[in-house]
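# Close look at the chain arrangement
Each chain, written out:
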Amino acid sequence: ADKAVRKVLAVQQEQLAVALAQLRGASIEVVEAICAWRSVLAKSHKTVTSGEQRIEFFRWEGQNYLLKMKHDLDALDDSMAIRHWMGFRCRGNPLLIPPADAPETRVKIQKAR
């Protein structure tokens, strides 16, 4: 029974690693898309105003989405099991980038594809 539980846990951990890697990739794509959107807006504003440039923020439900993203994954920190498995905290870390001193054996997200 213990061996079966470990096998199920290993499969679930691998699935979580893949999902988190996909989430990281999607988050990066969102940031890149917003940067491209801002670039297009900046070019169109330059031609219209011929001078001073105003930086636009991509808003979602009235918030600057890039700033909101910073805390989107904070809830992962509420799970001691996930924090232990990852080996680092998620609060304020939307790309789930492990700190330089994170134990290599626990940082499994980077290796997932």
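Everything here concerns the structure above.
I will try to describe carefully the structure that is included in this document. Every chain is numbered on its own, with residues counted from 1 as its sequence reads. Confidence filtering applies because this is a predicted model: local features only for residues at pLDDT of at least 70, side-chain atom pairs given and counted only at 80 or more, and all residues used for totals across whole chains, interfaces and linings. Working from all heavy atoms in the structure, the side-chain values ignore hydrogens and water.

Only buried residues count toward a nonpolar core. Its members are Ala, Val, Leu, Ile, Met, Phe, Trp, Tyr and Cys residues joined through side-chain atoms within 4.5 Å. Note on exposure labels: buried denotes an accessible area under 20% of the residue type's maximum, exposed denotes more than 50%, and partly exposed covers the range between, all computed with a 1.4 Å probe on protein chains only. In terms of nonpolar packing, the biggest core is built from ten residues, these being A17, L20, L73, L76, I82, W85, M86, F88, C90 and L96. Those elements that provide at least two residues to this core are α1 (2-49) and α3 (80-86). Numbering goes from the N terminus for both helices and strands, where a helix is a DSSP run of H or I of at least four residues and a strand is a run of E of at least two. For this core, the element with the most residues is α3, which contributes three residues.

Take unusual backbone geometry next. Phi angles above zero are rare outside glycine, and E61 is one such case at about 50 degrees. Along the chain, E61 turns up in the loop between β1 (59-60) and β2 (63-64). Classification of E61 by relative accessible area gives exposed; the value is 65%. Despite not being glycine, L96 has its phi angle at roughly 50 degrees, a positive value.

Residues W37, F58 and W60 make up a contiguous nonpolar surface patch of about 280 Å² in total accessible area. On the secondary structure map, F58 appears in the loop between α1 and β1. When its relative accessible area of 34% is taken as the criterion, F58 is described as partly exposed. Surface patches are defined over residues having more than 30% relative accessible area and no salt bridge, joining like charges when they lie within 9 Å and nonpolar side chains (Val, Leu, Ile, Met, Phe, Trp, Tyr) when within 5 Å. With residues, only the protein chains shown are counted as cover, and all accessible areas are computed by Shrake-Rupley using a 1.4 Å probe. In what follows, salt bridge is the name for a side-chain nitrogen of Lys or Arg lying within 4 Å of a carboxyl oxygen of Asp or Glu.

All right, on to the pattern of salt bridges then. Side chains carrying opposite charge are able to pair once their charged atoms draw close together. Within this structure, the stated rule accounts for six salt bridges. R6 is paired through a salt bridge with D2; the nearest N and O atoms lie 2.3 Å apart. Taken as a pair, R6 and D2 lie in helix α1 at a separation of four residues, close to a single helical turn. Using a relative accessible area of 52% as the deciding quantity, one classes R6 as exposed. Measuring nitrogen to oxygen at the nearest pair gives 3.8 Å for the salt bridge that ties R91 to D77. With R91 in the segment after α3 and D77 in the loop between α2 (65-69) and α3, this pair connects stretches of sequence that are 14 residues apart. On the basis of relative accessible area, R91 is assigned to the partly exposed category, the value being 44%. Within this structure, D74, D77, D78, R89 and R91 form a network of salt bridges that share partners.

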